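If you want the building blocks of each chain, they are given just below.
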There are 2 protein chains.
Amino acid sequence: MEHQNKPCQSLTRRQMMIGTAGALAAGTALAQFGGLLKSAHAAGGSTEKWPWPYEKLDPVKTAELAYKEWYRVFCGAAVINSVFNQLQEKFGEPYTSFPDDAFVFLEGGMVGWGMTCGSNAGAAIVANAIIGPRIAGGNEGHQITEDIFEWYSDAAMPVFTPKTPKITTELVKTTADSPLCHVSVGKWMKASGFHIGSPERKDRCARVAASVAYHLVELLNDWHDKKYQPTATHKPVKEFGITAQMNCMDCHSDDVPTPPMAKK
Amino acid sequence: MEHQNKPCQSLTRRQMMIGTAGALAAGTALAQFGGLLKSAHAAGGSTEKWPWPYEKLDPVKTAELAYKEWYRVFCGAAVINSVFNQLQEKFGEPYTSFPDDAFVFLEGGMVGWGMTCGSNAGAAIVANAIIGPRIAGGNEGHQITEDIFEWYSDAAMPVFTPKTPKITTELVKTTADSPLCHVSVGKWMKASGFHIGSPERKDRCARVAASVAYHLVELLNDWHDKKYQPTATHKPVKEFGITAQMNCMDCHSDDVPTPPMAKK
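Computed from a predicted structure; not experimentally measured.

(A) Expanded view of the overall build of chain A. Of the regular secondary structure elements, chain A holds nine helices and two strands. Beginning at the N terminus, the succession of helices and strands in chain A can be written as α-α-α-α-α-β-β-α-α-α-α. Going through the 264 residues of chain A one by one, you find that 61% of them count as buried. Pairs at least 24 apart in sequence give 72% of the contacts found in chain A among residues at least 6 apart. Taken as a whole, chain A presents about 10100 Å² of accessible surface, with 54% of it coming from carbon and sulfur.

(B) Spotlight on the relation of the copies chain A and chain B. Superposing chain A onto chain B requires a rotation of 180° together with a translation of 0.0 Å along the rotation axis, leaving an RMSD of 0.0 Å. Seen this way, the second copy is the image of the first under a two-fold rotation axis. For chain A, the residue whose C-alpha comes nearest the rotation axis is Cys251 of chain A, separated from it by 2.3 Å.

(C) Representation of the packing of helix H4 (residues 118–131) of chain B against helix H7 (residues 199–224) of chain B within the structure. Residues and elements named next belong to chain B. Two elements in contact, H4 and H7, have axes separated by 9 Å at closest approach and are oriented at 25°. By the angle between their axes, H4 is roughly parallel relative to H7. By crossing handedness, the relation of H4 to H7 is classed as right-handed. Contact residues: Ser119, Asn120, Ala123, Val126, Ala127, Ile130 and Ile131 in H4; Val208, Ala209, Val212, Leu216, Leu220 and Trp223 in H7. A breakdown of the residues in the contact of H4 with H7 according to their chemical character gives eleven nonpolar, two polar and no charged.

(D) Representation of the pattern of salt bridges. Taken as a whole and judged by the stated rule, the model has 16 salt bridges over all chains. Across the pair Arg134 of chain B and Glu107 of chain A runs a salt bridge, and its minimum N-O distance is 2.5 Å. With Arg134 of chain B in the loop between H4 and helix H5 (140–154) and Glu107 of chain A in the loop between helix H3 (59–91) and helix H4 (118–131), the pair connects residues from two separate chains. Judged by its relative accessible area of 7%, Arg134 of chain B falls in the buried class. Judged by relative accessible area, which is 0%, Glu107 of chain A ranks as buried. Note that Lys235 of chain A is salt-bridged to Glu146 of chain A, the shortest N-O span being 3.2 Å.

(E) Expanded view of the interface of chain A and chain B. Taken together, the contact pairs 90 residues of chain A with 89 residues of chain B. Around 7300 Å² of area is buried between chain A and chain B when both sides are counted, 67% of it from carbon and sulfur atoms. Put simply, chain A and chain B have two salt bridges between them. Between chain A and chain B we count six residue pairs in polar contact (both at pLDDT 80 or more) in total. Looking at the side of chain A that touches chain B, the elements that each hand over two or more residues are helix H2 (26–34), H3, H4, helix H5 (140–154), helix H6 (181–192), helix H7 (199–224), helix H8 (236–240) and helix H9 (248–252) of chain A. At nine residues, the largest contribution of residues to the side of chain A that touches chain B is made by H3 of chain A. Classifying every residue of the side of chain A that touches chain B gives 46 nonpolar, 30 polar and 14 charged.

(F) Structural context of the environment of Ile242 of chain A. Within the fold, Ile242 of chain A resides in the loop between H8 and H9. Counting along the chain gives 19 residues from Ile242 of chain A to Met261 of chain A, while the straight-line C-alpha distance between them is 9.0 Å. Beyond its immediate chain neighbours, meaning those up to four positions away, Ile242 of chain A contacts Pro236, Val237 and Pro259 of chain A together with His182, Gly186, Met189 and Ile196 of chain B.

(G) Here's a closer look at the packing of H4 of chain A against H5 of chain A. All names here are of chain A. Where H4 meets H5, the closest approach of the two axes is 8 Å, and the angle between their N-to-C directions is 160°. Taken together, the axes of H4 and H5 lie roughly antiparallel to each other. Where H4 crosses over H5, the handedness of that crossing is right-handed. From H4, Asn120, Ala123, Ala124, Ala127, Asn128 and Ile131 reach across to H5, where they touch Glu140, Gly141, His142, Ile144, Thr145, Ile148, Phe149 and Tyr152. Residues belonging to the contact of H4 with H5 are distributed by class as follows: eight nonpolar, five polar and one charged.

(H) Structural context of the packing of aromatic side chains. On inspection of all chains with the given rule, the structure shows 30 aromatic pairs over all chains. With 6.3 Å between their ring centres and 5° between their planes, Phe103 of chain A and Phe103 of chain B make a pair best called stacked. With Phe103 of chain A in the loop between H3 and H4 and Phe103 of chain B in the loop between helix H3 (59–91) and H4, this residue pair bridges two chains. Using a relative accessible area of 2% as the deciding quantity, one classes Phe103 of chain A as buried. Taken together, a centroid distance of 5.5 Å and an interplanar angle of 75° make the contact between Phe149 of chain A and Trp113 of chain B edge-to-face. Of the two residues, Phe149 of chain A is situated in helix H5 and Trp113 of chain B in the loop between H3 and H4; the pairing between them involves two chains. In terms of burial, Phe149 of chain A and Trp113 of chain B fall into one category: buried. Just above the ring of Tyr71 of chain A sits the side chain of Lys166 of chain A; from NZ or CZ to the centre is 4.6 Å.

Rules used throughout
- Residues numbered from 1 in each chain as written.
- Chains lettered and ligands numbered in written order.
- Predicted model: local features only at pLDDT ≥ 70, side-chain atom pairs only at ≥ 80, totals over all residues.
- Heavy atoms only, no water.
- Helix = DSSP H or I, 4+ residues; strand = E, 2+ residues; numbered from the N terminus.
- Buried < 20%, exposed > 50% of the residue type's maximum accessible area, 1.4 Å probe, protein only.
- Contact = heavy atoms within 4.5 Å.
- Areas by Shrake-Rupley, 256 points an atom, 1.4 Å probe, with all protein chains shown as cover.
- Least-squares fit on C-alpha atoms with pLDDT ≥ 70 in both.
- Axes fitted to C-alpha atoms, helices over the stretch in contact; angles between N-to-C directions.
- Parallel < 35°, antiparallel > 145°, perpendicular 65-115°, else oblique.
- Left-handed = near helix turned anticlockwise from the far one by under 90°.
- Nonpolar A, V, L, I, M, F, W, Y, C, P; charged D, E, K, R; others polar.
- Salt bridge = Lys/Arg side-chain N within 4 Å of Asp/Glu carboxyl O.
- Buried area = accessible area lost by both parts, 1.4 Å probe.
- Polar contact = N/O pair within 3.5 Å; in protein donor to acceptor, adjacent residues only side chain to side chain.
- Phe/Tyr/Trp six-rings, centres within 6.5 Å; stacked < 30°, edge-to-face > 60°.
- Lys NZ or Arg CZ within 6 Å of the ring centre and 35° of its normal.

Encoded structure:
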């Protein structure tokens, strides 16, 4: 027999976050989804050793680099390059061999399909390449990814304003309540009235990439100083019985499906 | 003045695909979204040269490797490792230096948030790392990514059955009409009745990773033989004026918002 409940039907995202008592270890939250965890095994090559070398970076400098790079490689690769290019200058390998520009495809939520905002995906790649995956024994890369997704969802974007922006008029800020490109860009387009091909929309997304790069480096700097504390409270598999965002009703309205649940 | 239309309100995905006359170059479809394209510039290091060395791989062998790897590194990294481990054996670098296992975070649509299915994201990473980004002068990596997303959305998953599966009973097949983890897994869970932590759901996802790896290698082999023809018809920015999937009504029901459109 399976339990029938609709865990997020009458909860706002904020209520859920308040109701969740602090952050849980990422491994715990995904244990039910991911299955048996094994110790790290460098099947892909002997270079798969973590963490990669890291020195604290300046968030403002990183954000400015991401802003500039957006106009060359777009959101995902801009975030990756803003961090990795600086670390490549300091350390060389393994950053030199990482094919940063291959991640142009993250643009527009992956080739324009509006899925994960490329800035979020780029930040996740940076955090996990530097710190390593949870199967390698540490959860911080995984946790920083969760933190970035949640911070992004809650932020009035774009947070960061570059020193010399291409668009000098003030840009509207909107909160996506989601880490998805389509939702984030769509809400901003609706509030601002600017179309997808407008210079203003492009500059908004360049600033979003800069904002994410800024916060990413704040978290990585804390991790480097052994001061990092995970803050994300969204544990989808544990809370909803399925991989999910936290805003079920944004898509499902008041008819949130109930996934098959494990016997308790 | 802005145009008001609801381009996908009364169209099914299939109708839209039938109505779209063949595949367009990816560069064209994204030109409005991405802004000015520049020629490739290896800002991230001198190793950013494309294409990476490639030899035709056996789709069945690749799929079996992905199936097996799923139980170690989950969907995204399983697809990456199934291809890159074979190419590393043949060529060494640049595959040896690629941090495959860092992509464990792609699991569950990225740390369990149900966004892009990790198998799709992993396939996109493989295609774009090997072929290179569209800013490097070729569109095939971008186009193969689009093809994978569309093929995945239409496929009765899981397509591939391994020789010696962990679950020996027959698994239900479902069509996601979406490249998203949450939608793909959710529809399968509803049809099968199996919960997220069940061995059947895990084996279904391991087979999905295998299915994607299989098709990815078919496309890469065609590309290697100079026989690759892009097939994807979904051009979201061009068709809808926003980064998007093709199934607007799955989320928006009959109230599809109209994005601000460019003057014509």
